[in-house]
Structure formats: structure tokens, C-alpha cells
Amino acid sequence: MNFALSEEQEAVRKLVRAFVDREINPYIQEWDANGYFEPNILKRLAELQLMGVCVPEKYGGAGMDYNTLAIVCEELERGDTAFRTAVSVHTGLNSMTLLQWGNEFQKEKYLTPQARGQKIGAFGLTEPNAGSDVAAMVTTARKDGDHYILNGQKTWISLCDLADHFLIFAKTDPDKRHAGISCFIVERTFPGVSTRAIKGKLGIRAGNTGEVFLEDVHVPAENRLGEEGEGFKIAMSALDNGRFTVAAGACGLINACLEASVKYCHERKTFGKEIGRHQLVQQMIAKMAVNLDISRLLVFRSGWLKNQGKRNTRETSMAKWFACDAAFDAANDAVQIHGAYGYSNEYPVERYLRNSKAPVIYEGTREIHTIMQGEYALGYRTDKKLNKMLPSWPFED
Ligand SMILES: Cc1cc2nc3c(=O)[nH]c(=O)nc-3n(C[C@H](O)[C@H](O)[C@H](O)COP(=O)(O)OP(=O)(O)OC[C@H]3O[C@@H](n4cnc5c(N)ncnc54)[C@H](O)[C@@H]3O)c2cc1C
């Protein structure tokens, strides 16, 4: 067992940390206050080869291992959850799904420009009446010659207004539940596709989230990912990768809370001493420190399994559940440590608290992950090898 990061991984951490400190942290409070998503951040990430960091070089990526993606996500969320969410969706949910399930034509046409950051990918699973209960979706895909015709609505879709390509899940057999779902690559430019941002969000205000409308959208049959009826499996395997990035990002949020809180503990004095000298404050700091380490270890275990080409649904769910809850607790405590000052945007911790809530809801709510872990432990749930697995790392040429 080796707990050390490689030289390459350390270099990526340093690179992203410096990028965040230089190009996100000085502006993020204003972007957040104005509900503004800065698209140049994605362009800059593309220049740094970070939009397809764990995609093989032959498909336009940087060819690094899956834990390097975790490091990128951790460091991005140390700046703001919005940009980590963008990478989670673009790389974790979309590109890695194309890598796992796509044929050569689809990888060349869609994955390669995405990995280079020339095109942006999003993930359309959730509907107004189908969140945790994915199989309740009502979006349909009707076969018509060499096309499918899609009709329906997706909601809470991250990057909806920026994405060039969407993975859209729809029922090819509306009478069936899970077995009736298929997955399609839909281009924004296909007639009948429109999007609208959701306003008034609690957090991730510097991010773009919204609705996708599909009205008689003609999608070529060659854009179906996997087989008809395989969509549910594809969606769940996509979540194995998305959740991994969410968990990694949560480590970055805990780290940001810890950094801000330690700094404030040394600055603020009560009863004649730094507040860091009060044991009840130390307790909150200690909890952040231990939860950061536990979360990272869970994330890196999951990345290690991905590198081995092994299924990791159980381990990734555990990492996502633990790290996101821990990030929410860390942000709550960070505000507490800052007292009344933590309640205003003079300090970043109120943003951390608002941002920490969505990851406890998306990509499987806390309750769904609790149930999954209970079922695994009780032997009610097991995972089999999928038809198509994510390639192990190092990648073959
Ligand atoms: C900022 C943000 C970004 C998002 N981005 C995307 C995206 O890019 N793509 C996408 O497809 N979706 C996205 N989502 C949607 C997200 O994945 C869903 O919100 C999530 O799956 C939960 O679904 P829901 O909101 O419909 O809640 P529901 O499923 O209606 O759940 C409501 C409550 O009931 C609980 N509950 C439900 N079922 C059970 C059960 N069986 N046992 C116990 N409790 C249960 C839940 O835990 C929750 O507390 C995003 C959401 C947010 C907030």
C-alpha cells in the first residue's frame, strides 16, 4: 500500500491550487453575489489540459489516472463548488460515460472534442417528477426509421445553458420502468432543444443549473449510447464516476473551511486569548481535520479501484455520502467559529455553507446513500461486472 501521491499528481495539485488562488478566489465572491458563471474558467481549464484529465490521450485527454481527476476536483472546490460541479458533469458524468460505453465513432465525434475542452458536455437524468426515483421518468424516445424522436423535460441540469452535448435519458419502452430507459447523445443545435436557467438557488450561485426542453427532437440512431433498454445501467455507472468527483470536491470544501477557520482562530480574541485556545473551538477544528483525512482516503480508495478496472459502486457511494455530510458539517462549524462575521459575506464561510448543501442532495441524496450502504452491509445488494467497464489505468495505446 502506498499513500504517497506521484510527482505528476503533486504537480497537478500545485497547478490547480495556484490557478484557483490566482483566477477564481479574487473574483468568486462577486460572481456568486451576481449569480454569474464565468465561462472563461472552463476555457482556461482546457488550456491546462484539465477538462479531460483522465481521458486517454488518443481521445484528446491528458491520459492521467483517475485519482488525478479527484485532485483536480478537490482543488477546484477549494475555490468554489460551481467550477468543481462543472468538471463533475463535463468529465465525470459525460466524458467518462462516453469512454466507458461509447463506440469508436461516438468517442471520436463527441469524447475527443470534450476531452480537449472544445465542446462542453452535460448530463440530463432528472425530471420534474423523477429524481431519486429515476425509473419514474416520462421523457420518451420513439424510433422512427434511422432516428429517434425525443419529447420531454429535464430539470436541475448543471451547465444546461453552456453545454454543447447532453447525455439524455429517455424511455424507449414507456411501459417498463428501469428496463425501458435508453441513453442518447443530444447536440444543443438539434432543432427542438431549448434550455432555461433556474434562478434563486440557495448555493452554487456562480454555477449554471436549469431545465432542458425536448420537443420532437430528431436524434440519429447512431447517437444512442449502448443498447436500447441499457440506459439505467449506463446512468448508474455514470454516477459511480460523478459521485467520485463530488466526494473529491467535498474534500476541497472541508479544506477551505479548515483554512479559513484556522486563520480566524488566530486572529480573533475573546476572554484575553485567541479563540483557537478554547477547547470547544478546537473540537470543531479537530473534526474538520479528521473528516478531511477520512474523506480523502475514501476517495483515493475509490480512484484506486477505478485504476484497477474494478467496480466501485459501494466504495464510491460511501465516499460521496461521508465526504458530503462532512463538508456540510465543516461549513456549518466554520460559520460558527466566525461568529456573527461568519453570517455575512465579508468572509467566505457563508458561501461554503450554502454551497455545501446541494452535494448532499445531488448524485444520490444522503438518504439514498444511507439505504445503499445498509443494503450492502446486510447482503441485500451486490454488484456484478458490467457489460462495459471503465478502462483500467495505465491506458492501452
Ligand atoms: C445544484 C444541483 C445540480 C444538479 N445537477 C444535475 C445534473 O446535472 N443532472 C441531473 O440529472 N440532475 C441534477 N440534479 C438533480 C439531482 O440529482 C436530484 O435533485 C436528486 O437526484 C434528488 O432528486 P429530487 O430533487 O427529485 O428529490 P426526491 O427524489 O423527490 O427526494 C425528496 C426527498 O425524499 C427523500 N427520498 C426519496 N426517496 C427516498 C427513499 N426511497 N427512502 C428515503 N428517502 C427518500 C430524498 O432523500 C429527499 O430527502 C442537480 C440538483 C441540484 C440541486
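Residues numbered from 1 in each chain as written. Predicted model: local features only at pLDDT ≥ 70, side-chain atom pairs only at ≥ 80, totals over all residues.

Student: Would you mind showing me how to read the pairing of strand β7 (residues 209-220) here?
Tutor: Regular strands show a simple pattern: their side chains alternate between the two faces of the sheet. The pairing of strand β3 (residues 147-158) with β7 spans 9 bridges and is classified as antiparallel. Looking at β7, one finds that Ile 157 is bridged to Gly 210. For strand β6 (residues 193-197) and β7, the ladder comprises 5 bridges, and the chain directions are antiparallel. Note that in β7 the partner of Ala 197 across the bridge is Gly 210. (Pairing = 2+ DSSP bridges. Helix = DSSP H or I, 4+ residues; strand = E, 2+ residues; numbered from the N terminus.)

Student: Is there a simple way to think about the site of the ligand in this case?
Tutor: The immediate surroundings of the ligand are formed by 21 residues, with Leu 125, Gly 131, Ser 132, Thr 365 and Glu 367 found nearest. Among the secondary structure elements, those contributing two or more residues to the shell around the ligand are β1 (121-124), β3, α11 (358-361) and α12 (366-378). In terms of residue class, the shell around the ligand is made up of 11 nonpolar, 7 polar and 3 charged. When residues of the shell around the ligand are assigned to domains, at least three map to each of domain 2 (122-231) and domain 3 (235-378). (Near = placed C-beta within 6 Å. Nonpolar A, V, L, I, M, F, W, Y, C, P; charged D, E, K, R; others polar. Domains from an automatic or database assignment.)

Student: I'm lost on the environment of Thr 189 in this one. Help?
Tutor: Structurally, the position occupied by Thr 189 is in the loop between β5 (181-187) and β6. Through-space distance from the C-alpha of Thr 189 to that of Asp 164 is 7.7 Å; in sequence the pair is 25 residues apart.

Student: It is not clear to me how the packing of helix α7 (residues 231-267) against helix α8 (residues 279-308) should be interpreted in this structure. Could you clarify?
Tutor: Between two packed helices, both the angle of their axes relative to each other and the distance between the axes serve to describe the pair. Where α7 meets α8, the axes come as close as 9 Å, and the angle between the chain directions of the two elements is 155°. As far as their axial angle goes, α8 and α7 are roughly antiparallel. Regarding α7 and α8, the two cross each other, and that crossing is left-handed. Across from Phe 244, Ala 247, Ala 248, Ala 250, Cys 251, Ile 254, Asn 255, Cys 257, Leu 258, Ser 261, Val 262 and Cys 265 in α7, the residues of α8 making contact are Val 281, Ile 285, Met 288, Ala 289, Asn 291, Leu 292, Ser 295, Arg 296, Leu 298, Val 299, Ser 302 and Gly 303. Per-class residue counts for the contact of α7 with α8 are 17 nonpolar, 6 polar and 1 charged. (Axes fitted to C-alpha atoms, helices over the stretch in contact; angles between N-to-C directions. Parallel < 35°, antiparallel > 145°, perpendicular 65-115°, else oblique. Left-handed = near helix turned anticlockwise from the far one by under 90°. Contact = placed C-beta atoms within 7 Å.)

Student: What should I look at first to understand the UniProt feature "domain: Acyl-CoA dehydrogenase/oxidase C-terminal" (unreviewed entry) in the chain in this one?
Tutor: The sites that UniProt annotates as "domain: Acyl-CoA dehydrogenase/oxidase C-terminal" (unreviewed entry) are residues 229-371. The distance from the first to the last C-alpha atom of residues 229-371 is 25 Å, and the span holds 76% helix and 3% strand. (UniProt positions renumbered as here; feature names shortened; annotations may be inferred.)

Student: What am I meant to see in the domain arrangement of the chain here?
Tutor: Interface size, as often reported, equals the accessible area lost upon joining of the parts. Once the domains are mapped, the chain shows domain 1 (7-120), domain 2 (122-231) and domain 3 (235-378). For domain 2 versus domain 3, the distance between C-alpha centres works out to 30 Å. Taken together, the contact between domain 2 and domain 3 spans 10 residues of the former and 8 residues of the latter. Each residue belonging to the side of domain 2 that touches domain 3 can be placed in one class, and the counts come to 7 nonpolar, 3 polar and no charged.

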